[in-house]
Every structure is written in structure tokens, then in C-alpha cells.
Amino acid sequence: MTVMTYAEAARLAVAEAMRADDRVWCVGEDLGRGGVFKQYAGLPEEFGPKRISDAPISEACIMGAAFGAALVGTRPIVEMRFADFALCATDELVNQIAKARFMFGGQSRAPMVIRKPMGMWRSSAAQHSQSLESWYAHIPGLVVCCPATPQDNYSMMRAAIECDDPVVYLEHKNIWMMEGEVDTSLKAEFGKAQIRRTGSDVTLVSWSHTANLCVEAAETLAGKGISAEVIDLVSLWPWDKAAVLESVNKTGRLIVAHESVAVGGFGAEVVATMAQSTTFKSPPQRLGSPRSLIAYAPNLEDKLRVTADMIAGAATKSMESVA
Amino acid sequence: MTVMTYAEAARLAVAEAMRADDRVWCVGEDLGRGGVFKQYAGLPEEFGPKRISDAPISEACIMGAAFGAALVGTRPIVEMRFADFALCATDELVNQIAKARFMFGGQSRAPMVIRKPMGMWRSSAAQHSQSLESWYAHIPGLVVCCPATPQDNYSMMRAAIECDDPVVYLEHKNIWMMEGEVDTSLKAEFGKAQIRRTGSDVTLVSWSHTANLCVEAAETLAGKGISAEVIDLVSLWPWDKAAVLESVNKTGRLIVAHESVAVGGFGAEVVATMAQSTTFKSPPQRLGSPRSLIAYAPNLEDKLRVTADMIAGAATKSMESVA
Amino acid sequence: MRNFDVERGLARLTLMERIRAFEETARHAAVEEELVLGAIHLSIGQEAVAVGVTESLRKDDYITSTHRGHGHTLAKGADATAMMKELLGREGGCCGGKGGSMHIADFGVGMLGANGVVSANITIAAGAAHGVKLLGGDQVTVCFFGDGAANRGPFLEGINWAGVFELPILFVCEDNQYSASTKTSDMTSGNVADRARAIGLPVTEIDGNDVEEIATKSAEIIARIRATGKPEFMLAKTYRLDGHTYFDPATYRPEGEADRMRRESDPVSRQRELLQEAGVSETDLDAVRTTATAEMQAALDAAKAAPWPADDTVFNDVQDVGSPAQEAF
Amino acid sequence: MRNFDVERGLARLTLMERIRAFEETARHAAVEEELVLGAIHLSIGQEAVAVGVTESLRKDDYITSTHRGHGHTLAKGADATAMMKELLGREGGCCGGKGGSMHIADFGVGMLGANGVVSANITIAAGAAHGVKLLGGDQVTVCFFGDGAANRGPFLEGINWAGVFELPILFVCEDNQYSASTKTSDMTSGNVADRARAIGLPVTEIDGNDVEEIATKSAEIIARIRATGKPEFMLAKTYRLDGHTYFDPATYRPEGEADRMRRESDPVSRQRELLQEAGVSETDLDAVRTTATAEMQAALDAAKAAPWPADDTVFNDVQDVGSPAQEAF
Ligand SMILES: Cc1ncc(C[n+]2csc(CCOP(=O)(O)OP(=O)(O)O)c2C)c(N)n1
Ligand SMILES: Cc1ncc(C[n+]2csc(CCOP(=O)(O)OP(=O)(O)O)c2C)c(N)n1
Ligand SMILES: [Mg+2]
Ligand SMILES: [Mg+2]
């Protein structure tokens, strides 16, 4: 067990994989100087410019070329810098990478990790703050990961690099510096949720940074005598429906919280799936961003943010109402 | 009232708008020959090449340039040919067009209609068959329309062209030739569903071509003594939550059906919203495509398709089970 | 008349005739028998490029192609019967009936896929060459694309990428003068060869209907790429004798243009004439065609006889992780 | 020494000094006072391009800009106080505090927006020019972008579009030699001017730190564009004296490079020297700077005094149709 940051945890997993397998390489803009968030710091020195490769400002080609290189036997890690810029490579990801194996009848694989730092981060405004995980969960062929802790960013990155499917790997920009203990013997399993806290009154489901807020909320709730179970899905595809169902069957109450826009967010998938599978003691609730753009001014940005207080509030409300 | 096809209905609405307003123009590949599905037939002759404009194969620039032209006072109709190719212009649509008005503090508008023919159509395989309406519903700033009938393709297109917001306008490729009566005095209202059939036992919610299948299913169900109400949302953003809620409060049973992938589809939004707002007599159900790619061989393609029979089957099952 | 190697010339004709026969057979199957399921885009009139360029490729070299990919795929060595089965969406098709004409591929012979998205194969090809370089291989990648594709962003990004990373790749622009129903020059400012020159790639402009010339030049170019590891560019001027898809009457072309091109520039006829002038008998030349036609007819017969893919294959090869069927219906 | 119009020269210096002072004030507010909220990208060292090019534009002409857009925006005539308020995210900011530095815009003076996505403003500018042509106006559009942007697809698509539709637009590539922490030439094959030439655009290559030369040439070019309606291209070689963002120490640059450029090529110093040689007194020149600094300090003071935007404005200007608040929380 070592204490490290969320950024360092992923970097360690990448470094270990690169040491173990020559075919693994990273490509993205400015990687040669360690990446914009220092997620690659030290790696250029260890692995050189061919394996920690700079790239022209050409998101479409970074994605497309990495895919081509995957088709001939390498295992690329693609760095998109901000999840927002990855939209410049949507055809490559969705029409090419996600579909190739199926379309070609199983002749090919695209073992790739596509890193897309996402989320709100210090007044970055509308073009540098988005969370679009629900888009990728909707696309057959893609695996989708949203780790929330240093441990999961280590163990999930290990699994992602080893996976033969293309993995959309969404790290949250706000927690690069979050510290935590990391057990480097662990490797994550896709579709296996982390029960971040057990509880019996209400189930809080989340992922990415908002899962940390759920843990905070659960602590607050405990003080009020409400026992909340916190399920961090970690991966959205596949997602751990069984764990959520088991918990909801126990608590009868469900709150799903995420930073992304509520309308059409993956929270709807979780709530709908549960509504189809079980019954509730009180109406399930979803917390997410209003369907508004992300603003620059901090007070406006805050109006779009799901907080631990709001999660605790929703849980409290769920204890009071009946379905 | 005139009988016309789904393609002709939209064409008429476009022609009328172009006659009435010089600022309206259309741009896309091959439009000068009437468009690949003849949706623009006759228009090049009437309006000339400047207003029915060909374009290079440059989806990103078609979208971006139309946006620029909207900023300076024109009202473009953008033709993306296949919804799939629109993925080449995702940054332009999502990061630029949808965000501009907000990001610039209300200084600008982007009155545009972005036409994206979608859906499965005669063995077109994975890159020419997608339905991604749930993506656009998730993006603040965009209006999303999915008309299912000639009447709605006429009245919704009228509304879309008059709207000052960018409208993602998804026509279904499989029903270009569908005929129906069109009352040209009508203009649609966004967020106002069409109650395609009234009923009291079960509510079927859908949009685009699948709404037509729901009508078919309702007829079958009527033969079995089950009274189904069919709600065609027509627009997904805004969507007519009130109409669905009223219906579900009446029937107590909800089936949402769409052609797109079930996981992360807009059906989840509808089911989740209802689960948060009301209670059911039997578990709600969602029908959508499995999370698999769309295949070329017809028998495989059929395995991915929601049919009227499946909808009727789901409704029948909902009559038998209890929540 | 040029002095040339008759045996090679015959081999080239044979491959062109096989491609022509494959596509004529497929067109017949589509139009007359309605057996081909989706749209097919024929390369009739453009066979010389596929044949001339791929002649110098090894089996382990790579190509990527477009929506108009039958010729490239056959030329790279794919099995015609598996291809025909794919067009008919049958079991045993090279993509298991899942892709059809627009996604034809045969990774076993280095054919990394046709593509339904114009220009998308350009960055993929650059990446294949990048992968080869990283893995230390000496394979060459050839990227075939159309004149219309050169107006999309990935064209710029892909050729710049190849230049920056000095990759062993040949970009081949098949300039057939049209992009669907549009005269490409109407939607192109400047010209494609200059775009490649601006990136610093050596450019060879060539008569795309002269298989001898293409094969000779390609041999040099590909040898050079293999030796230096550096990218090059070829612009082959050719003509699409048929419509954009098999059901396109192509009425947007000037009256008589296609007829004139068929008379004057059909690469198959030109190669036949050359061989005739070199002394090959009409009978022998006819036999080449007859054999090709028979082969493709047999492929079609086999395809017709093949069953549909098993229903449950629809959930195969989606991905390893997560069940595709889960959550559905 | 060139013979030149002192009054004009002073006006150019004044505008450059205002831009410099705006950005130095903003940097101070960011670094020392932590009042600027998001990242800001300074154009210190590149002012001559903005000033020289926009001098020949009318208020109703259009420009689009990049993440590095303060200079272009001020030069086009935007109000410095409204801009400073925007950087601080305050009420009265030109975008109501919603956009910040990277989305600075003033449609009232034809400034159609900075952009957080590299290269995205190129197709938008082509479209603005397209709109002008459709509406029958005679406005010229100028598109400013960086050397790194020329490697993205929209660059090709946008300049081709302008060429095909013959649009009244000037593309201005500000080649400051870097793209974030990368030396752009390391990631660029060939060169940008040749790419524009390949599209058939007339290209002017120019010393981007010589405001006199830029203004003179731009006057000719913009007059020509207004007269002919046809696109042109300018490549201005300049240098980013600061880091990529205000918190970037730019250690990736060769030792001494920035210092040398600051000594030899700072466009503001060069213009001062030119004016001095032409007889303008040091006192007068210092006054230009002092005035500019005072103006921007006042802008900052006003910005600091301004309140945050009202909370409920967060739901304004999302769209007319559908409530943004609905479904949330
Ligand atoms: C991104 C994208 N845009 C549009 C299309 C529709 N489309 C298919 S083929 C074609 C023409 C392509 O022209 P060219 O590149 O010259 O190839 P050719 O068909 O002549 O072989 C078009 C526009 C597409 N498949 N992909
Ligand atoms: C599509 C996209 N990719 C990457 C970035 C991150 N980024 C912001 S500025 C920049 C460098 C741009 O270089 P250049 O175009 O030369 O402009 P300069 O910063 O030198 O003014 C990069 C890579 C972005 N904003 N958008
Ligand atoms: Mg062509
Ligand atoms: Mg630069």
C-alpha cells in the first residue's frame, strides 16, 4: 500500500504496463513534456519519444491513427487532453473503432485505451467542462470507465490496458491531486461496483467524482441517523446492475447522482432499470446538472453542480416520502 | 388536405419557408441534384445553386460554415445525408452551435435546422443505420425532433425553420415514401406530443418510425381486448412529460419503444421520469435495440429490430403482471 | 508500342478481368436477381489502379480502402467467393455477413477494410504504417481513396501525420472525377496533388487507366518506401464508367462522356489491345475473360447456395466485456 | 529608416500598447490577485498582427479568433472594461460572465467569438463570409488562427470552402512557432503557406512583428478582397513572448530564445524605436504607455467592483424552446 494521487495512480499503471509489454504506447499532444495534467510525467524520459509520442493538433488523426496501429498489433493509449476535444474524433471512435470488430466479422480487434479527462474544473466554461459518459455507454462496442479514487484509477487502468476491447477511460479533472492508498496488487473487474459504504436505509448510486460526494453525503446522513449505502459503479459499461438491485431490494430507496446533465444521462438508465426490476418505498430520484450550459462565473457554475448537500437532501427526502 | 409522402411533406415546408424568407437556404453534398433521397427534388430548379447549395465532402465545414452564416443573419438548413456522417461534425454541433448563444452571453443566435436522416434501412450495416437521438437530447442548447408521419414532417419542419434555436431534425430513412394526408395549415409546437390513439389499459410511448409500429401494435391489442394509448413524442427536447404522465396516471402501465439502442437510450429518460413521478400497476418496460452493432444480413438485422409484435407482446405482458 | 513483358501483361489483364467480372456478376446479382442487399459501389473502369499498385505488395503488406473497395480487396489477394458471399450477406462471407460490400475486409491478406465513411480510411492507414514502424516491421501500407475524399479534414491530418512521423505508406488518390453525383472539381479549390506536395510528400501523377505504367512506377515507389520508410503520394487520373452505386443512372454527367471514356480509356480494353499488338491471340485474350467470368459465376452460385448466418452470431464479436443482449427487449 | 506617417504610426503603437497593457493587467490580476478565474492565453509579442490587420476593417466587418483572442477583440473595437469584467466573471462582462477569456466576443463590433477549440473558428469564419455573400453585403471577414491550428482538418475544409465558393475572407495564420508546449514545426510536415497555395489562395508571407508592414499590406489585401470578393491568405511570422497560459513557465523553449526575441523582435519596442527615429519624443512615447496602463488599471478596478452575475442568469440564453431547469435536481 502506498499513498499516491489519482494522477500518479494511473501513471503507475501505465508505466507498469509499458514495462511489461513493448506493444503498449501513448500518443497525444504535448505528451513529450509529460501531458497537460502531468499524467505522463517521467514517462517520456523512461520510454522515449516513440512510445510516449507527441502528436500534431489532430484529434481525428490521433484517434484514427491509433486505431490503425491497433489493427496491426500495437496497444495504444490515446490521450485526448480534454474530453471536449474528443468530439473532434467522434467518427473515428464511434463509426470506426467501436464497430470494426463486429463489422469485419471478428477479423480485427481494437485494443485501445482512450483517455478523456472530463468534468468541471476551475471555471473552465462550456467547452472545457463536459461529462458525456452517457454517450459512450450508448455505443455498442465500447467499454466505459469512470474511476473516482486513486485505487480505482490504478486498478481500472490496469484492466483497461489489458482489455482487447476499446475502452473509453474518463478521468475527472478535479481530482488529479486527490490522494489515497493504492494496493498495486489489485486489478479491477469491469462491471463490478465498489460498495464504498454499506447501509440499509437508502442506496446512493454514482460514479466518477460524484461518487466521492456520495460518500461525503453518507457521512452527513449517518449523523442524522440515516444509513446510506454508496455504490460507485466505476464502469458504466458494463455496469453492476446486480449490486444496485441487491442494494435497492434491501433499502427500497434509490438516489442516482452524477455531474453530467440529468436529461438523457446515465442516471436515467439506472433508475429505469431498477423501476423495471423492483419496487421502491419512496420515489427514486436523479441528481444531475440542469440542461444548461456550463458557465464561467463561479456562482453560475455552482448552480449547475451537484453537491454532497444536495445528495444528502435528496436522501433525507426519500426517507420522508412514500411511493 | 393533400396526400403526400414523408419526403414531400418536408420538401413542401422547406419550399414554403424559402419562398417566404430569403434568408433561408439549404446546404449539403449533392443537393444540386435533389439530394440523395430526393428530399430536395425540384428545389434546385426553383431556388438556384446559391440557396440550394452543393458542398464539398466536408461535414465539419458544412456544419461550421452554416453556423457562421447563421451568426451573420442567414437561416441555414444543413443536410447531413446520413445521421452517421454527422458524427464527422460533432465538435461543430455540440461545442460550437449548441453553446454559442449561452457562452457569448446571449449576443448570438444560431437559427439552423440540421437534418440527419437516421435509422435502419435495407441492409445498410453499421455505419449507415444509427439512431442517436438520445445523444442530442442530452446536449443543452439543442432542440431535437423525430417526426414519424408526413403531417408531422410538414408541421415540425415549419416550426423548426422558424425556430431561433438550432434544431436537430432526425428523419427516418425507412419512411421517406410513407404516404399520408397533410393539412398545410398546421405548424407543430415543440414539446407537444401527438396522441396517435387513445386508450385506457396501457400507455405506449415512442417517436420516429417506431411510433408507427406502436399504432400497429395498438390495433393488434384492440383485437385482443386491450386498449392501448399511443403517444408519439415527435420532439424529444422538449418532450411532453405532461402528456405521458397524464396517460400513465390513467393506464398505470408504460411501455416505451424505440429503434435506438436500449442502454442509455431516451426511453430510459421517459421511464425514469415516470418512475420518479407516479406509480405503476405493472413494471414499466423499455424496448430498444440490443447493445450490438447493426448487421448487414437481413436475419441478423432483424434480431436488432423492435417490431409491432414485440410491442404488442410487451403490452400484453404488462396486463398480466403486477408491480 | 512499348516493349513489355507479355507474361506480366497477361497477369495484369487477368487480374483486371477478374475484378471486372466480379463486379459485373455482382451488379447482375443486384439488379436482376435482387440478391445483393445493400448499396454496392463498382470500380468498373478503375481496375488498373488496384492491379498496378498492389502488384508490388507482399501478402503481409497492408491496404485500406473505401466504399468502392472490391477491386482493391481482390487485387490484394482476397477470396472472391468469400467476398461474393459477403455481398449476399451469407454465412462464409469474409465478414460473416455482417458488413456487406461497404465493409469488405480480409485481414488474412492485409486488407484492413473498406469504409463507409469517406476519408476515414486515411488516418487508419497512417496508423497502420505507424504501427508497423513501432513494431519494427518492414511492411508497406497503401491507402486508396477518392478525389472527393481529399476535401475532408482527415485527408490533411493523415498525410501530415505520415510526413511528421516518416511512415512507410503510399497514399493513392484515385481521381475518377466524380464524388457521387457531383463533379469533384466544382467542389475543390486548387488541386489534390499540390496539397500533397505542400505536405512535402513526393508526388507521382499518373495515367490511372494504364496498368503497365502504374505497375512500373508503383514497383519503384514501393521499393523506395520499403527502403527509406518514408511516405509518398500517387495521383491516378481515372474514370468511373458506371454510376456511383449500381442503381445510379449517372445522368448528371455530360452526354456522351461515359461512352467516350469507355471507348477510349477503359483500362481493360487498353491492356487487351496492348497484348494483341504484342502478339497475343484474340482467343487467348477471350479465354482470360471467359475464365474470369466463370470463376465469378461460380462464386455467385456458391454464395446463393450458402445459408444466412446463424441468428445468434449477431451477438458475436461485439466485445469481450459486457453482454450485448443484456438490457434489450 | 522607412518614410512613414507618424500619426498613423502613433495610432498603431497606441493600440498595441493598449493590448499589451490589457494583458499585463490581466496577468497581474490572475497571478498576483487570483481574480481571473480560468486559464488565460496572452498574445504578448503578437500584437502587431491584430493591430495591423484590423486597421483596414470596418466596424461591420467580421473577425473570428482563438483561445488567444484579447488582442483581436480589442483591435476590432471592443470595450476593454467589458472584456476585463468578463475575465473576472462579473456582471457587465461582454458575455455576462458566462464565457471568460476563451469565449470573449463582441458581436456589436463584428467580433464573432474567440474559441476554445483549436481550428474550429476557421470553418465558422468561412461561413460568416458565406453568409455575407448570400445576403449581398460587402463586409470582409478575417479569420485569425495559430500555426498549430493548421494541422487540424477544419483548416483544410475551411480554406477549401472559401476557395470553392469564392468568399470575401482573409485567413491570417499567426505563426508564433509554438502550439502549447510543442514546437509546431516538429509536428508539421511541409509548411502552412504552401498548404494555402495548394488551395489556390493568394498568399502573403509577412514579418508578423512589423506593424507598419502588416498594416500596409493588409490595407491592399482587404481592399482587394472587398473589391473581388475572393479569399486570400496571410502568414505572419511572430513569437509568443509569454508562456502558453499565464501559468506556463515555458521551459520547453531553448535557453535564451525568448529573451533574444524580446530584445530583437518585440513589435511594441520596434514601433517605439521607429517613432523615435521619426522624431517622436521619449516623453510622448512614454505617455502612450502610461495612458494605456491607466486605462486598463481602471478597467480592472471597474471589474473588481462589479458584482457576480445574478444567479438566475444561468438559465438565460440556453434556448428559447424547453426549460433548462426542468428535470434538474
Ligand atoms: C463522411 C462521408 N460523407 C459523405 C458520404 C457519402 N458518400 C459516399 S461515397 C461519396 C463520394 C466519394 O467520392 P470520392 O471520394 O471521389 O470516391 P468515389 O466514390 O469517386 O470512388 C459520398 C459523398 C460518406 N460515405 N461519408
Ligand atoms: C481541438 C483542440 N485540441 C487541443 C486543444 C488544446 N490547445 C489549446 S491551445 C493549443 C495550441 C494551439 O497552437 P496554435 O494554433 O499555434 O495557437 P497558439 O496557442 O500558438 O496561439 C492547444 C493544443 C484545443 N483547445 N482544441
Ligand atoms: Mg471520385
Ligand atoms: Mg502557435
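Residues numbered from 1 in each chain as written. Chains lettered and ligands numbered in written order. Predicted model: local features only at pLDDT ≥ 70, side-chain atom pairs only at ≥ 80, totals over all residues. Heavy atoms only, no water.

**Topic: the overall build of chain C**
Next up, step 1: Counting secondary structure elements, chain C contains 11 helices and seven strands.
Next up, step 2: The dimensions of chain C, computed from C-alpha atoms along their principal axes, are 65 × 50 × 40 Å.
Next up, step 3: Of the contacts formed within chain C by residues at least 6 apart in sequence, a portion of 76% connects residues at least 24 apart.
Next up, step 4: Where the 32 positive side-chain charges of chain C centre and where its 50 negative ones centre are 4 Å apart. (Helix = DSSP H or I, 4+ residues; strand = E, 2+ residues; numbered from the N terminus. Contact = heavy atoms within 4.5 Å. Lys, Arg positive; Asp, Glu negative; His and termini not counted. Charge placed at Lys NZ, Arg CZ, Asp CG, Glu CD.)

**Quick notes on the overall build of chain A**
Next up, step 1: In terms of regular secondary structure, chain A is built from 11 helices and 14 strands.
Next up, step 2: For chain A, the C-alpha radius of gyration of 19 Å lies close to 20 Å, the compact-globule estimate for 323 residues.
Next up, step 3: Counting all 323 residues of chain A, 75% fall into the buried class.
Next up, step 4: Expressed as a percentage of contacts within chain A between residues at least 6 apart in sequence, the contacts between residues at least 24 apart total 81%.
Next up, step 5: Accessible surface, chain A: about 8,300 Å² in total, of which carbon and sulfur atoms supply 50%.
Next up, step 6: Charge-centre separation for chain A: the mean point of 31 positive side chains lies 3 Å from the mean point of 37 negative side chains. (Rg over C-alpha atoms; globule rule 2.2 N^0.38 Å. Buried < 20%, exposed > 50% of the residue type's maximum accessible area, 1.4 Å probe, protein only. Areas by Shrake-Rupley, 256 points an atom, 1.4 Å probe, with all protein chains shown as cover.)

**What about the site of ligand 1?**
Next up, step 1: Taken together, 21 residues lie around ligand 1, and E59(B), H67(C), R68(C), D147(C) and N176(C) are the ones closest in.
Next up, step 2: One finds residues of chains B and C in close proximity to ligand 1.
Next up, step 3: Between a nitrogen atom of ligand 1 and a main-chain N or O atom of G116(C), the distance comes to 2.8 Å.
Next up, step 4: Interatomic distance of 3.0 Å between a backbone N/O atom of V118(C) and a nitrogen atom of ligand 1.
Next up, step 5: Protein chains bury 96% of the 570 Å² of accessible surface belonging to ligand 1 in isolation.
Next up, step 6: Here the residues of the shell around ligand 1 are counted per class, giving eight nonpolar, seven polar and six charged. (Near = heavy atom within 4 Å. Polar contact = N/O pair within 3.5 Å; in protein donor to acceptor, adjacent residues only side chain to side chain. Nonpolar A, V, L, I, M, F, W, Y, C, P; charged D, E, K, R; others polar.)

**With respect to the coordination of the magnesium ion (ligand 4)**
Residues and elements named next belong to chain D.
Next up, step 1: Donor atoms from the polypeptide that bind the magnesium ion (ligand 4) are D147 (OD), N176 (OD1) and Y178 (O), placed at 2.1 Å.
Next up, step 2: Sequence spacing of the donor residues for the magnesium ion (ligand 4), all on one chain, is D-x28-N-x1-Y. Across the pair, Y178 and N176 agree in class, each one buried. (Donors = N, O, S within 2.8 Å, 3.2 Å for Na, K, Ca; no water.)

**Brief notes about the nonpolar core**
Next up, step 1: Ranked by size, the top nonpolar core spans 358 residues in total, and within it L233(B), F233(C) and F233(D) carry the most contacts.
Next up, step 2: Residues in contact with F233(D), not counting those within four places in the same chain, are F145(D), F155(D), I159(D), L170(D), F171(D), C173(D), V192(D), A196(D), L201(D), P202(D), V203(D) and T204(D). (Core = buried A, V, L, I, M, F, W, Y, C linked by side-chain atoms within 4.5 Å.)

**Quick notes on the domain arrangement of chain A**
All names here are of chain A.
Next up, step 1: According to the domain assignment, chain A consists of domain 1 (2-182) and domain 2 (194-320).
Next up, step 2: Each side of the interface is counted separately: domain 1 has 27 residues, and domain 2 has 26 residues.
Next up, step 3: Together, the buried faces of domain 1 and domain 2 total about 2,200 Å²; carbon and sulfur atoms form 58% of this surface.
Next up, step 4: Summed over the shared surface of domain 1 and domain 2, the number is zero salt bridges.
Next up, step 5: The interface formed by domain 1 and domain 2 contains 14 residue pairs in polar contact (both at pLDDT 80 or more).
Next up, step 6: For the side of domain 1 that touches domain 2, the elements supplying multiple residues, two or more each, are α5 (133-137), β6 (143-145) and α6 (150-162).
Next up, step 7: The class makeup of the residues in the side of domain 1 that touches domain 2 is 15 nonpolar, nine polar and three charged. (Domains from an automatic or database assignment. Buried area = accessible area lost by both parts, 1.4 Å probe. Salt bridge = Lys/Arg side-chain N within 4 Å of Asp/Glu carboxyl O.)

**Looking at the pairing of strand β13 (residues 254-261) of chain A**
Looking along a regular strand, one sees the side chains alternate between the two faces of the sheet.
All names here are of chain A.
Next up, step 1: A large share of β13 lies buried, amounting to eight of its eight residues.
Next up, step 2: The pairing of strand β10 (residues 202-206) with β13 spans three bridges and is parallel. Note that in β13 the partner of T203 across the bridge is L254.
Next up, step 3: With four bridges joining them, β13 and strand β14 (residues 285-289) adopt parallel strand pairing. (Pairing = 2+ DSSP bridges.)

**With respect to the sheet that holds strand β3 (residues 52-53) of chain B**
Residue and element names in this part refer to chain B.
Next up, step 1: Taken in spatial order, the seven strands line up as β3-β2-β4-β5-β7-β6-β12 in an open sheet, and their pairing is mixed. Only two strands of the sheet have a single partner each, and these edge strands are β3 and β12 (235-237).
Next up, step 2: When strand β2 (residues 24-27) meets β3, the two strands line up parallel, connected through two bridges. In the sheet register, V27 faces β3, and the bridge partner there is S53.

**Some thoughts on the pattern of salt bridges**
Residues and elements named next belong to chain C.
Next up, step 1: Taken as a whole and assessed by the stated rule, the structure comprises 83 salt bridges over all chains.
Next up, step 2: One salt bridge connects R226 with D61, and the closest N-O pair in it is separated by 2.7 Å. Linking R226 in helix α8 (residues 211-228) with D61 in the loop between α2 (47-54) and β1 (62-64), this pair joins segments that are 165 residues apart in sequence.
Next up, step 3: Given the relative accessible area of 24%, R226 is considered partly exposed.

**Looking at the relation of the copies chain B and chain A**
Next up, step 1: Rotating chain B by 180° and moving it 0.0 Å along the rotation axis overlays it on chain A with an RMSD of 0.0 Å. Classification of the inter-copy transformation places it as that of a two-fold axis.
Next up, step 2: A high fraction, 100%, of the interface residues of chain B reappear at the interface in chain A, so the copies pair face to face through one surface. (Least-squares fit on C-alpha atoms with pLDDT ≥ 70 in both.)

**Quick look at unusual backbone geometry**
Next up, step 1: Along the chain, W237(A) connects to P238(A) via a cis peptide bond; the corresponding omega equals -10°.
Next up, step 2: For D30(A), which is not glycine, the phi dihedral falls at a positive 65°.
Next up, step 3: Its location among the elements puts D30(A) in the loop between β2 (24-27) and α2 (43-51).
Next up, step 4: Although it is not a glycine, E166(D) adopts a positive phi angle of roughly 50°.
Next up, step 5: Position of E166(D) relative to the elements: it lies in the loop between α6 (153-164) and β3 (169-175).

**Re the side chain of D61(D)**
All names here are of chain D.
Next up, step 1: Among the residues examined, D61 registers a relative accessible area of 0% and is labelled buried.
Next up, step 2: Of the polar contacts made by the side chain of D61, one reaches the backbone nitrogen of V140; its length is 2.8 Å.
Next up, step 3: Of the polar contacts made by the side chain of D61, one reaches the side chain of R226; its length is 2.7 Å.
Next up, step 4: Setting aside residues no more than four positions away along its own chain, D61 makes contact with S56, K76, V109, G110, D138, Q139, V140 and R226.

**Re the sheet that holds strand β5 (residues 113-115) of chain A**
Next up, step 1: Pairing is mixed across the open sheet formed by seven strands, whose spatial order is β3-β2-β4-β5-β7-β6-β12 (chain A). Edge positions in the open sheet fall to β3 (52-53) and β12 (235-237) of chain A, since each of these has one partner strand only.

**With respect to the UniProt feature "domain: Transketolase-like pyrimidine-binding" (unreviewed entry) in chain A**
Next up, step 1: Annotation from UniProt places "domain: Transketolase-like pyrimidine-binding" (unreviewed entry) at residues 4-177 of chain A.
Next up, step 2: As annotated, residues 4-177 of chain A has a helix share of 40% and a strand share of 13%, and its two end C-alpha atoms lie 9 Å apart. (UniProt positions renumbered as here; feature names shortened; annotations may be inferred.)

**What to know about the interface of chain B and chain C**
Next up, step 1: Across the contact, 39 residues belong to chain B and 45 residues belong to chain C.
Next up, step 2: Roughly 3,100 Å² of surface becomes buried between chain B and chain C when both sides are summed, with 62% attributable to carbon and sulfur atoms.
Next up, step 3: The three residues of chain B that bury the most area against chain C are I57(B), Y296(B) and L300(B), which together make up 22% of that side's buried surface.
Next up, step 4: For the interface between chain B and chain C, the tally reads one salt bridge.
Next up, step 5: E59(B) is the partner of R152(C) in a salt bridge, and the nearest nitrogen-oxygen pair spans 3.6 Å.
Next up, step 6: Along the contact surface separating chain B from chain C lie 18 residue pairs in polar contact (both at pLDDT 80 or more).
Next up, step 7: Of all the elements in the fold, those that place two or more residues in the side of chain B that touches chain C are β14 (285-289) and α10 (298-302) of chain B.
Next up, step 8: Considering only residue class, the side of chain B that touches chain C consists of 21 nonpolar, eight polar and 10 charged.

**Observations concerning the packing of helix α1 (residues 6-31) of chain C against α2(C)**
Residue and element names in this part refer to chain C.
Next up, step 1: The N-to-C vectors of α1 and α2 enclose an angle of 135°; their axes lie 9 Å apart at closest approach. With respect to α2, the axis of α1 lies oblique. Crossing of α1 against α2: the hand is right-handed. Contacts between α1 and α2 involve R12, L15, M16, I19 and R20 from the first element and E47, A48, A50 and V51 from the second.
Next up, step 2: Of the residues belonging to the contact of α1 with α2, the class tally is six nonpolar, no polar and three charged. (Axes fitted to C-alpha atoms, helices over the stretch in contact; angles between N-to-C directions. Parallel < 35°, antiparallel > 145°, perpendicular 65-115°, else oblique. Left-handed = near helix turned anticlockwise from the far one by under 90°.)

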